[in-house]
Amino acid sequence: MSAVTEDGIQRASAAEVGDCGREGEERDEDFEEDEEDGFEFGDAEEAMQCVEMAGTDTGGLRAQANDYEALAARKRKALAEEQPQREGSKKPRQDELSEAEAATMFDQLMEGFGLRRKRRSKDGKKRGRKKGTKNKGSPEVIKKLGDATLLFAEERFNEAIPILHEIVRIAPNLPDSYYLLGSIYSETGELDKAINFLMLAAYVSPKDASLWKKLIPLAKKKEDASLARHCILKAMRADPEDVDLKYLCGDMYRNLRDYQKAAEIYEQIVRIYPANIAVRKVAAQMYRECGQIDKAINLLEDYVNTQTTNIDWSVLDLLISLYLRNNALDEALKKIEKARLQLRPQQKLPIQLQAKEVICHAYLGDVKHAEIFLRDVHLEPSKDNIDVIKELASNLETMGLHEYAVKFYLMIGNVANRNDGSLRVDHKEMGSSYVKVAECYMVLGDKRNAISYFYKAIQSMKDNIHIRLTLSSLLIDEGKTDEAATLLSPPQNPELQSANAPDQQKPWWCDGKVKMQLAKTYYDKGNLEDFVDTIFHPILETLNVEYANRKVKSMKKLPNTVLHERVKVLGEPRPDSVFQGLRPIASPGELQKANRAKKLIEKRAASNEELKADDSRRTKQVPPIPGLLTNMEHHQLVLNLCRTLALLQRYWDALQIINRTLKLGNDVLTHDSKEELRSLGAQIAYRAPDPSHGFKYVRYVVQQHPYSLSAWNSYYKVISRIEDRFPQHFKYLLRTREEKPDCIPPIIISGHRFTAISQHQSAARDYLEAYKLDPENPLINLCVGTALISLTLGFRLQNKNQCIVQAFAFLYRYLRLCGDSQEALYNIARAYHHIGLNTLAAVYYEKALAVEEEDHPIPKLPYEAGSRAQDDMRTGYCDVRREAAFNLHLIYKKSGATDLARRILKTYCTV
């Protein structure tokens, strides 16, 4: 009789397998390890120590390792003493061992116990069974074994255990005693002890497959995958013809995702039992998973070609799928047509094959069969039918036949709507079908229907961010920006929806992509405050996280947490097991990493490194908006945010964004973007209450344009608003004057600085240095003259008259260079007025009043070049007659001419 397992694979019994033979079977590479036929205990003492180890609660393996080394030394010494007697005999007995053979067996025993992993040389290795005893028991042993068996059957375990220990002492190489001890402990629920004794029995008699098979369910019960794998492979070597073991081995490899080995094992079963359809299908699926499509096709073709009646449609369906994957469309159609010819009257092809036929014809350019399928096929509501239609629609969509794909996706909804309650419809699955319909409509250019089906999808998939972003883009394209903003805005009761969200998953409205899309929508609508409130904090937090991640040192050494995770692959130690060092379940690459990690942990422990150090402070965090600076599309969003913040007079917030962006994005931002950010920083520095935060941006402007008067003008406007001494400014001026001695603006600004702190002598020195470079500059002549006049009014200067004459020489030169302009006449008058020569001052004030000055455009800063607000000229901006009239009225008033003073005020200073 054949047995059917839980996974649906029909298994053949041993009797059926025996008649089928085993042709062409190839042994797995794992079967080649540990080729020994078993081991034998050298004496009773050695066996009893193993029994004590196997029966202890804590294992005691490591504590007794030294005792076993001493035992090994005594064994070798005894063998060495017996060597002369063996050399004298002509023909050694069959049950006696040479010294080399005994030492080899003992080393094998030690390896099985995990006490010593000594690599044996393969030189002189012989194939076949090694010489040794057959473990025949004496009558006394057989009698005691029978008594222990009866006690075991009567569940008198406490009485049976001492008898079995005595048997081990008398006949240490008899597996039955170990087997009974393992069975006793298995019945009493002491799983570790049971495994230990059964392993001893199996290693004493490794050719007995039943012992290894007894261990397999115990290993699975203990959830020890390595031990189960080891026992399965040992059992398969002991009984290569046992198909049940091959099933276990195949299932094991399949669970480990080693599809190549699983496929080879299942193929061996197919060769032994060709009629097992389920195994043949599983073998083909395993070959498909590892990419060997041709082998999978050959396995199924061998079966399908021999079937003329009672076709297994599932096998044929799998074969057609493999043909499609291998692009063998003609072969697939031939198989379908051959199956149709074998149908009985009134019998139709299964729905799976009809769908495959439509796919094949569609790939060949014939869509007529798709129309026939839509018209004639009526499906019952079932999950299998829905999966078939979904596969068909997906293939049509891949081929670019979106019109037909829409019809088939809608067919899924029709099938689900006919549900009578027997089919449990998954709302998310229906929502994904609506998404596919909407995407097909988008490709077809029908945005109206696409929006409709996206809304249907979002009803059942409210947390799907991709649907919301796509739908909002469609709404914006259709001019429905308010609707798009509502779609992306947080719900009215966010607490209620966040409670329904999956654990450890933030709500959809907190996602960075959603916030960016919503912010763009607000910006396009002109809702600047909503735009800033939506995107400012996510961008600032992203920049701060990225900045913190840059500070994380690139660790050459892996953190301890990663090392411990890798070591887990090796499996936890088995303190309660006699046998150690079983091969872990992992790929060779993972094992290599795990072994290296284990050595590193031991090395760090030896060097007193802290193994449980908190590595969280050194780990990089995930920002709210990943790829903010690396994605070129996001750069414009950052620029728009900085402009808007400056426009809303949130200067400090804008400077935070600008500083972080320029520091982090120096390598990824374009030159134009960086220049615009720095220009915004300079503008903010001029307008912000505290301009010191933006000093570096105005400094950058003059560094780029060191000979631009407008750049230095903006620089000086920022510096003049800083009340306290600003060391960075002074250092920069000195460095600039040293690097560019022919640059006049920093020299003039230095003179202004000395003038502001009433150090007129130093100011005059700087102004005269600038005069040497540009003597025809009216501003420089004016500055020299005013500095000399201010110096004259001090108390320390002795030749004041000479200094005044020199000052007015520069002022009259300034007047000549300006062409007797109103401003120059006023400055001459103001100089005479300042030193007390009121008569001459009144003359020049009257000359200034007689001149009408035309208005000129107001000078602009570099970032104000395109500003419309500054383009218009302000009326009277260049006219100083009001100032001249006021100062003249003061002179008249002081001289007693009050009427004249009143007339001057009424004429020029009243509106």
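Residues numbered from 1 in each chain as written. Predicted model: local features only at pLDDT ≥ 70, side-chain atom pairs only at ≥ 80, totals over all residues. Heavy atoms only, no water.

Per an unreviewed UniProt entry, the protein chain goes by General transcription factor 3C polypeptide 3 and derives from Urochloa decumbens.

Enquirer: Hey, could you run me through the overall build of the protein chain in this one?
Expert: A tally of helices and strands in the protein chain yields 43 helices and 2 strands. Expressed as a percentage of the 911 residues in the protein chain, the buried residues total 43%. Taking the contacts inside the protein chain whose residues are at least 6 apart along the sequence as the reference set, 60% of them involve residues at least 24 apart. Of the accessible surface of the protein chain, which amounts to about 50400 Å², a share of 49% is contributed by carbon and sulfur atoms. (Helix = DSSP H or I, 4+ residues; strand = E, 2+ residues; numbered from the N terminus. Buried < 20%, exposed > 50% of the residue type's maximum accessible area, 1.4 Å probe, protein only. Contact = heavy atoms within 4.5 Å. Areas by Shrake-Rupley, 256 points an atom, 1.4 Å probe, with all protein chains shown as cover.)

Enquirer: How should the pattern of salt bridges be read in this particular structure?
Expert: Two side chains of opposite charge can pair, provided their charged atoms sit close to one another. Within the structure shown, the criterion is met by 25 salt bridges. In this structure, Lys525 engages Asp482 in a salt bridge whose closest nitrogen and oxygen atoms are separated by 2.6 Å. Of this pair, Lys525 sits in helix H26 (residues 512-525) while Asp482 sits in helix H24 (residues 481-488), placing them 43 residues apart in sequence. Of the charged contacts in the structure, one is a salt bridge between Arg737 and Glu769, with a shortest N-O distance of 2.8 Å. With Arg737 in helix H35 (residues 727-739) and Glu769 in helix H37 (residues 760-773), this pair connects stretches of sequence that are 32 residues apart. (Salt bridge = Lys/Arg side-chain N within 4 Å of Asp/Glu carboxyl O.)

Enquirer: What is the right way to look at the packing of aromatic side chains in this model?
Expert: Any pair of aromatic rings gets described here by the distance separating the centres and the angle formed by the planes. A complete count under the given rule lists 18 aromatic pairs for this structure. Between Tyr441 and Tyr453 the ring centres are 5.8 Å apart and the planes differ by 25°, which places this aromatic pair in the stacked class. Taken as a pair, Tyr441 in helix H21 (residues 427-444) and Tyr453 in helix H22 (residues 447-460) lie far apart in primary sequence, 12 residues in all. Assessed through its relative accessible area of 13%, Tyr453 is described here as buried. An angle of 70° between the planes, with centres 6.2 Å apart, marks the rings of Tyr812 and Tyr844 as edge-to-face. With Tyr812 in helix H39 (residues 800-817) and Tyr844 in helix H41 (residues 838-850), this residue pair connects regions lying 32 residues apart in the sequence. Accessibility expressed as a relative area gives 11% for Tyr844, which makes it buried. Among the aromatic residues, those joined into a cluster by ring pairs are Phe695, Trp712, Tyr715 and Tyr732. Over the face of the ring belonging to Phe536 we find Arg650, whose NZ or CZ atom lies 5.4 Å from the ring centre. (Phe/Tyr/Trp six-rings, centres within 6.5 Å; stacked < 30°, edge-to-face > 60°. Lys NZ or Arg CZ within 6 Å of the ring centre and 35° of its normal.)

Enquirer: Sorry, what's going on with unusual backbone geometry here?
Expert: For residues other than glycine, phi is negative in most cases, and the peptide bonds are mostly trans. Positive phi, close to 65°, is recorded for Ser758, a residue that is not glycine. You can see Ser758 is positioned in the loop between helix H36 (744-756) and H37. Located in the positive-phi region is Asp820, a residue other than glycine, with phi close to 50°. Considering the arrangement of structural elements, one finds Asp820 in the loop between H39 and helix H40 (822-835). When its relative accessible area of 48% is taken as the criterion, Asp820 is described as partly exposed.

Enquirer: What am I meant to see in helix H34 (residues 709-720) here?
Expert: Owing to its 3.6 residues per turn, the α-helix brings residues three or four apart onto one side. Given a rise of 1.5 Å per residue, 12 residues ought to cover 16 Å, and the 16 Å separating the end C-alpha atoms of H34 matches this to within 8%. Along H34, the residues classified as buried are Ala711, Trp712, Ser714, Tyr715, Val718 and Ile719. The buried side chains of H34 occupy one side of the element, clustering within an arc of 160° when seen end-on. The secondary structure elements touched by the buried residues of H34 are helix H32 (671-687), helix H33 (695-704), H35 and H36. (Expected span 1.5 Å × (residues − 1). Arc of directions from axis to C-beta.)

Enquirer: What is the right way to read the nonpolar core from this model?
Expert: Counting residues in each nonpolar core, the largest one holds 129 residues, and the members touching the most others are Trp212, Phe373 and Phe408. For this core, the element with the most residues is helix H8 (residues 191-204), which contributes 11 residues. Excluding its chain neighbours within four sequence positions, the residues that come into contact with Phe373 are Ile351, Gln354, Ala355, Val358, Ile389, Leu392, Phe408 and Met411. One finds Ala519, Leu637, Val638 and Tyr715 within the second-largest nonpolar core, a separate group that totals 58 residues. (Core = buried A, V, L, I, M, F, W, Y, C linked by side-chain atoms within 4.5 Å.)

Enquirer: Help me understand the environment of Thr661 in this model?
Expert: Secondary-structure assignment places Thr661 in helix H31 (residues 651-664). Other than its neighbours up to four places away in sequence, Thr661 contacts Leu543, Leu629, Val638, Asn666, Leu669 and Leu677.

Enquirer: Just to check I follow, could you spell out the confidence of the model for the protein chain for this structure?
Expert: Should pLDDT be low for a region, the predicted coordinates there are not to be read in detail. Per-residue confidence for the protein chain averages 77 on the pLDDT scale, and 75% of its residues sit at or above 70. Residue range residues 57-69 is modelled with pLDDT below 50. Its contacts to residues more than four positions away, or to other chains, number 26 contacts. Contacts for the low-pLDDT stretch residues 609-617, under 50 throughout, to residues beyond four places or in other chains number 12 contacts. (pLDDT = per-residue confidence, 0-100.)

Enquirer: Where do I start with the packing of helix H10 (residues 225-238) against helix H11 (residues 243-255) in this structure?
Expert: Any two packed helices are characterised by how steeply their axes cross, that is the angle between the axes, and by the distance between the axes. Where H10 meets H11, the closest approach of the two axes is 10 Å, and the angle between their N-to-C directions is 145°. The hand of the H10/H11 crossing is left-handed. On H11, the residues that touch Arg229, Ile232, Leu233, Ala235 and Met236 of H10 are Leu245, Lys246, Leu248, Cys249, Met252 and Tyr253. Here the residues of the contact of H10 with H11 are counted per class, giving 9 nonpolar, no polar and 2 charged. (Axes fitted to C-alpha atoms, helices over the stretch in contact; angles between N-to-C directions. Left-handed = near helix turned anticlockwise from the far one by under 90°. Nonpolar A, V, L, I, M, F, W, Y, C, P; charged D, E, K, R; others polar.)

Enquirer: Is there a simple way to think about the UniProt feature "repeat: TPR" (unreviewed entry) in the protein chain in this case?
Expert: In the numbering used here, UniProt assigns the feature "repeat: TPR" (unreviewed entry) to residues 175-208, 243-276 and 431-464. Across residues 175-208, the secondary structure splits into 79% helix and 0% strand, with the terminal C-alpha atoms separated by 10 Å. As annotated, residues 243-276 comprises 79% helix and 0% strand, and the C-alpha atoms at either end are separated by 12 Å. (UniProt positions renumbered as here; feature names shortened; annotations may be inferred.)

Enquirer: Hey, could you run me through the environment of Ala829 in this one?
Expert: Examined against the element boundaries, Ala829 turns out to sit in helix H40. On the basis of relative accessibility, which here comes to 0%, the residue Ala829 falls in the buried class. Spatially, the C-alpha atoms of Ala829 and Ala842 are 6.9 Å apart, while their sequence positions differ by 13 residues.

Enquirer: Where do I start with the packing of helix H13 (residues 277-289) against helix H14 (residues 293-304) in this structure?
Expert: Running from N to C, H13 and H14 cross one another at 160°; their axes reach a closest spacing of 7 Å. Considered as vectors, H13 and H14 are oriented roughly antiparallel to each other. In terms of crossing hand, the pair formed by H13 and H14 is left-handed. Counted together, Ile277, Arg280, Ala283, Ala284, Tyr287 and Arg288 of H13 and Ile293, Lys295, Ala296, Leu299, Leu300, Asp302 and Tyr303 of H14 form the full contact between these two elements. Its residues assigned to classes, the contact of H13 with H14 shows 9 nonpolar, no polar and 4 charged. (Parallel < 35°, antiparallel > 145°, perpendicular 65-115°, else oblique.)

Enquirer: Mind showing me how you'd approach the side chain of Glu301 here?
Expert: Within the element layout of this structure, Glu301 appears in helix H14. Of the side chains with opposite charge, Lys335 lies nearest to the buried Glu301, which makes no salt bridge, at 4.9 Å. Setting aside anything within four residues of it in sequence, one finds Glu301 in contact with Leu319 and Tyr323. (Lys, Arg positive; Asp, Glu negative; His and termini not counted.)

Enquirer: Hey, could you run me through H36 in this one?
Expert: With 13 residues, H36 extends 19 Å from end C-alpha to end C-alpha; this agrees with the ideal 18 Å at 1.5 Å per step. Among the residues trailing H36, Ser758 stands out with phi positive, at a value near 65°.

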